[in-house]
Every structure is written in C-alpha cells, then in structure tokens.
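Here is what each chain is made of, one letter per residue.
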Amino acid sequence: MSIAVKRRPKHLDLFTIQLPIPGLVSILHRISGAALFLLFIPLGLFALQGSLASEQEFTAWSGLLAKPLAKLVLIGFIWAWAHHLLAGIRYLLLDVHVGIQLQPARLSSKIVMVLSLAITLLLAIKLW
Amino acid sequence: MVTRVVVGAHYGLGDWLLQRLTAVVMAVYLVMVGVVLLCNPPSDYLTWKALFAPQWFRVASLIFLLGVFYHAWIGMRDILMDYVKPVAVRLGLEVLVALALIAYACWSITILWRV
C-alpha cells in the first residue's frame, strides 16, 4: 500500500471561490438540524406538554402564538423543518442513485432551496 | 508479511442506516398527522386532547419522537466529530447531548401518557 501524499496546490481565497449550491444545501441541512436539536425539540416538548396539560395552559400557549416574537420563532422553526425534511428527501434519493449526475444534483438543490422558502413564506402569510 | 488496514468497528454503517430509517419513520408520521390535522384542525383544547386519546396515536407519537431523538443523536455526534477536535471536550459535549436526549425520551413518555 502506497502512502505517498501528493502535494496539490490549494486555492482557498474566499473572495474568489464560492460554495456550489449543493454545498449550500448541505451546510444549511446541518445548521437547520443543529437548530432543530438545540432549540426546537425542547420548545416543542414544552408546547406539547403545556397544550395537553389543561384548558388554561392550552389557551395560554395559543395566546403566546399570537405574539409577533413567537410568530418569528415559529417561522424560523418552519424554515428549519422544511429545509431539513426536503434536503433529507434529496439525500435519500441520492443514496439510491437518483439524480447523482451534476446537472440533476444542482437542479434538485435549487428545488430544495426554493420549495423550503416557498413553504416558509406560505405558512408565514397564513400565520400573520 | 501481512498488511492489514485498520478500518474501525463498522458501527458507522449501522448508524448511517438507522439515520435514514428514522428519517423515513418521521416522514411517514408527519404525513399521517398532517392529513389528520388538515382534515379536522383542532380549534380548542378538547379536540386537541381527543386527538391524543387513542392508544395507537400515543404509541405512534412515541415512536416518532424516539426516531427524532436517535436521529438527532447521530446528527449531533457527526457535527461534534467534525468540528470539536480536543477529545475531552468532544466527549463531554457528546455525553451532554446523549443525556439530554435520554431525558427528552423519558419526558415524552410522561407527556403522552398523562393526558
């Protein structure tokens, strides 16, 4: 087994290179996943517990969701969830070799970006 | 001379597969609940509570939540492995994540079966 390491030129000038769109979907999948774990799992469990506990708490949680800040948080959750779900479906398809060529992979990344933002926008309008 | 390539314990493949299996479980549950909620949106406390009354719905919800927690464990572990290089710090954070997820799992059971 050869362990020779090729010295290849590195080009990491961040002002002239940019992340290709599948890379953008990938890092956003990671960021949205971390946000879902850090913020939205505990928040969701609190909301589930509260809304199921009693009539008063249900009303309190419904009232809270009428506040602008809570709506912004909910919209953040909707985007993180929609992006993570859609990008996840894309990865499942890539796993079974659907759309692994360059052009389809770029197209499906764009679809994920547009669709997740569209879902967020639609639900945001409905919410507000 | 025997040359061997050390490739680890292979648990990575099982986790990779479970991450995808839990993803499919979550997607199926979300579609199911989404359809139920769209057909009759719970406008008040009693209809919301009634949704969680059948035993099968509690079990399905628990399976979904356990799927979320295991999926989150694999994802968070991957993130920590990629970005946190000092072993002690990484192990500490991994333990914190694991403990939080185990606590969430216990909490979920109490929420679902107290209704």
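Tallying secondary structure elements over chain A gives 4 helices and 0 strands in all. Ordering the α and β elements of chain A from the N terminus gives α-α-α-α. On C-alpha atoms alone, chain A measures out to a radius of gyration of 20 Å, which is more than a quarter above the 14 Å that the 2.2 N^0.38 rule sets for 128 residues. When the backbone C-alpha atoms are referred to their principal axes, chain A occupies close to 70 × 35 × 30 Å. Out of the 128 residues belonging to chain A, those deemed buried represent 16%. Put simply, of all contacts in chain A between residues at least 6 apart along the chain, 72% involve residues at least 24 apart.

In terms of helices and strands, chain B carries 4 helices and 0 strands. For chain B, the α and β elements follow one another from N to C terminus as α-α-α-α. Its C-alpha atoms give chain B a radius of gyration of 19 Å, more than 25% over the compact-globule value 13 Å for 115 residues. Along the first, second and third principal axes, the C-alpha set of chain B runs to 70 × 25 × 20 Å. Taken across its 115 residues, chain B has 10% of its residues classed as buried.

At the interface, 17 residues of chain A touch 18 residues of chain B. Secondary structure elements with two or more residues in the side of chain A that touches chain B: α1 (21–53), α2 (55–64) and α3 (68–95) of chain A. Top element by residues in the side of chain A that touches chain B is α1 of chain A. It accounts for 10 residues. Among the residues making up the side of chain A that touches chain B, the classes are represented as 10 nonpolar, 4 polar and 3 charged.

Right, let's talk about helix α3 (residues 55–83) of chain B for a bit. Across its 29 residues, α3 of chain B extends 42 Å between first and last C-alpha, which sits within 8% of the 42 Å expected from 1.5 Å per residue. Every buried residue of α3 of chain B is accounted for by Phe 64, Leu 65, Gly 67, Val 68, Phe 69, His 71, Ala 72, Trp 73 and Met 76 of chain B. If you follow the buried residues of α3 of chain B, they end up packed against α1 of chain A together with α1 (11–39) and α4 (87–114) of chain B.

A separate point is the nonpolar core. Core analysis: the largest hydrophobic core is formed by 17 residues, its most contacted members being Leu 86 of chain A together with Val 68, Phe 69 and Ala 72 of chain B. At the level of elements, α1 and α3 of chain A together with α3 of chain B are the ones that each hand at least two residues to this core. In terms of residue count, the dominant contributor to this core is α3 of chain B (7 residues). With residues near it in sequence (within four places) discarded, Phe 69 of chain B still touches Leu 101, Tyr 104 and Ala 105 of chain B.

Time to look at the confidence of the model for chain B. The predicted model of chain B has a mean per-residue pLDDT of 92, with 98% of residues at 70 or higher. Complex prediction metrics read pTM 0.89 and ipTM 0.87.

When two helices pack together, their arrangement is captured by the angle between the axes and the distance separating the axes. At a minimum axis separation of 10 Å, α1 of chain A and α4 of chain B run at an interaxial angle of 20°. As judged from the angle between their axes, α1 of chain A and α4 of chain B are roughly parallel. For the pair α1 of chain A and α4 of chain B, the sense of crossing is left-handed. Contacts from Ile 41, Leu 45, Leu 48, Gln 49 and Leu 52 of chain A of α1 of chain A reach α4 of chain B at Tyr 104, Trp 107, Ser 108 and Ile 111 of chain B. Per-class residue counts for the contact of α1 of chain A with α4 of chain B are 7 nonpolar, 2 polar and no charged.

On to unusual backbone geometry, then. If you check the backbone angles, His 97 of chain A has positive phi at about 65° while not being a glycine. Among the structural elements, His 97 of chain A can be located in the loop between α3 and α4 (102–127).

Bringing the packing of α1 of chain A against α2 of chain A into the picture now. Residue and element names in this part refer to chain A. In the contact formed by α1 and α2, the axes pass within 5 Å of each other and the chain directions differ by 130°. Classified by the angle between their axes, α1 and α2 sit oblique to one another. In this structure, α1 uses Ala 47, Gly 50, Ser 51 and Ala 53 to contact α2, whose residues at the interface are Glu 57, Phe 58, Ala 60 and Trp 61. Counted by class, the contact of α1 with α2 contains 5 nonpolar, 2 polar and 1 charged residues.

Quick notes on the rules
Residues numbered from 1 in each chain as written. Chains lettered and ligands numbered in written order. Predicted model: local features only at pLDDT ≥ 70, side-chain atom pairs only at ≥ 80, totals over all residues. Helix = DSSP H or I, 4+ residues; strand = E, 2+ residues; numbered from the N terminus. Rg over C-alpha atoms; globule rule 2.2 N^0.38 Å. Buried ≥ 20, exposed ≤ 12 C-beta atoms within 10 Å, placed from the backbone. Contact = placed C-beta atoms within 7 Å. Nonpolar A, V, L, I, M, F, W, Y, C, P; charged D, E, K, R; others polar. Expected span 1.5 Å × (residues − 1). Core = buried A, V, L, I, M, F, W, Y, C linked by C-beta atoms within 7 Å. pLDDT = per-residue confidence, 0-100. Axes fitted to C-alpha atoms, helices over the stretch in contact; angles between N-to-C directions. Parallel < 35°, antiparallel > 145°, perpendicular 65-115°, else oblique. Left-handed = near helix turned anticlockwise from the far one by under 90°.

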